[in-house]
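Summary of the model geometry
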Amino acid sequence: MEDNRIGRRTVLRTAGALAAATAVTGCGTLMGSSESRGSGGGKKRLVVSNSGGTYNDALTKAIYEPFTKESGITVTTVNYQSAQIIAQVKQGRPQVDLMDNSLLIFQKMVGQECLEPIDHDRLKSIDGAGIAEHNLPEYAVGKNVWASVMAYRTDSLKRVPKNWADFWNTDAFSGPRSLQSAEVDLPELEFALLADGVPLDKLYPLDVDRAFKAMSRIRGDVKKFWNTGALPAVLLGRKEVVATSLWGGRADELIKQGQPVAYQWNGARRMTNGWGIPKGADNTDAAYKLIDFSLRPEVQAAFAKLFPHGPVVPAATKLLSDDVLAALPTSPKNLKTGFDADVAWWEKNRDAVTKRWQEWADA
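Figured I'd write up the structure that's included with this text. Keep in mind the model is a prediction, meaning the values are calculated, not measured.

Further remarks concern empty space enclosed by the protein. Rolled over the atoms, a probe with the dimensions of a water molecule shows which regions are left empty. As enumerated under the stated definition, the model contains 2 cavities of 30 Å³ or more in all. Computed from the structure, the second largest cavity encloses a volume of approximately 60 Å³. The wall of the second largest cavity is formed by I63, K143, N144, S294, V299, Q300, F303, A304, H309, G310 and P311. Contributing elements (two or more residues each) for the lining of the second largest cavity: β5 (141-153), α11 (297-306) and β10 (310-311). Per-element accounting of the lining of the second largest cavity gives the leading share, 4 residues, to α11. Residues of the lining of the second largest cavity, tallied by class, amount to 5 nonpolar, 5 polar and 1 charged.

Moving on to the pairing of strand β9 (residues 261-276). Buried residues dominate β9, accounting for 15 of its 16 residues. Here strand β4 (residues 98-102) pairs with β9 via 4 bridges, running antiparallel. The residue of β9 that forms the bridge with D100 is W275. Examined bridge by bridge, β5 and β9 share 11 bridges and lie antiparallel to one another. When the sheet's bridge partners are listed, W146 is paired in β9 with M271.

As a further point, take the layout of surface pockets. Approximately 460 Å³ is the volume found for the largest pocket. Along the walls of the largest pocket sit 21 residues, with G249, D252, E253, F307 and P308 positioned nearest its centre. Elements represented by at least two residues in the lining of the largest pocket include exactly α9 (250-256), α11 and α13 (322-325). For the lining of the largest pocket, the element with the highest residue contribution is α9, accounting for 4 residues.

Here G197 lies in the loop between α6 (189-195) and α7 (208-218). With a relative accessible area of 54%, G197 lands in the exposed category. Once the C-alpha coordinates of G197 and W164 are considered, the two residues, 33 residues apart in sequence, prove to be 9.3 Å apart.

The rules behind each value
Residues numbered from 1 in each chain as written. Predicted model: local features only at pLDDT ≥ 70, side-chain atom pairs only at ≥ 80, totals over all residues. Heavy atoms only, no water. 1 Å grid on protein atoms, 1.4 Å probe; cavity = no way out; pocket = protein on both sides within 12 Å on 5 of 7 lines; lining within 4 Å. Points joined across faces, edges and corners; volume = space filled by probe spheres on them. Helix = DSSP H or I, 4+ residues; strand = E, 2+ residues; numbered from the N terminus. Nonpolar A, V, L, I, M, F, W, Y, C, P; charged D, E, K, R; others polar. Buried < 20%, exposed > 50% of the residue type's maximum accessible area, 1.4 Å probe, protein only. Pairing = 2+ DSSP bridges.

Next comes the structure, spelled out in structure tokens:
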């Protein structure tokens, strides 16, 4: 996922960042740079693409600025979609040194031969860190984890829904629902299968026929298949639905506003954001240094305190309070009740599933 989850506030922090834009303009949005005395062009400047907004703000404070202070390497951030970077790579002119995106997007770019393979031996922070194998694929490095969860209104339901089977049980837990469409990201076939009794560890390869049959059973109670990241929280906040799937962190915002809302980690679908180096990037040495820095436990913890994404380094969770851990998909407790999306399966089957979803939705 690249866009709706975070937002697009543009931050032009300094005149130095504006000057750096001359090297990276053409498409995308310049967001800012972390400056340090003596840093400048050439090997002392690293251009990183991420999705912007509060996500970029948290990255800047927890990762980019401390990295610049330690290394002397200026980090300039831009907002490019993966399609733009793929086009740049195919033209032989990648305009970024490092990408921050989902492992699903990187899986797509691998198929188009647009990423450099990662030399994990160059990353000292990985050695003995206990990072899950699926977060260390050949062409990327996972760094933070987010999740889709079930949220509900505590004032509308007499009982607490404990799993997706309860979400699908519209007799015992009556009221309109909302689920994610294929227009914004992956359709939630896994939730349908969990509701139908498939165990967490038996989800993949997905039984698509069974999933759509389960989706058809609840379709009449789904008021809206949401197509923007903000919409499910709006529907829940306005009491237009009593339960919905939504991206982690959105429910916390409602709770902070005093809304009678809670959410359930049971059956959460986890996705990992990570680092990828575009094929032909100019400054791979600095890219590796930033990747390595970002995987230090204390840096992982600092980011998690600012943004509700879980660390990929288990040691980082030991540096976080119980209150912070409660909102993270990779806390020891929440890890046990969710599952990691199989990005290889989805990349192989996404087009066919999306086509079938559109036909099903239009029927």
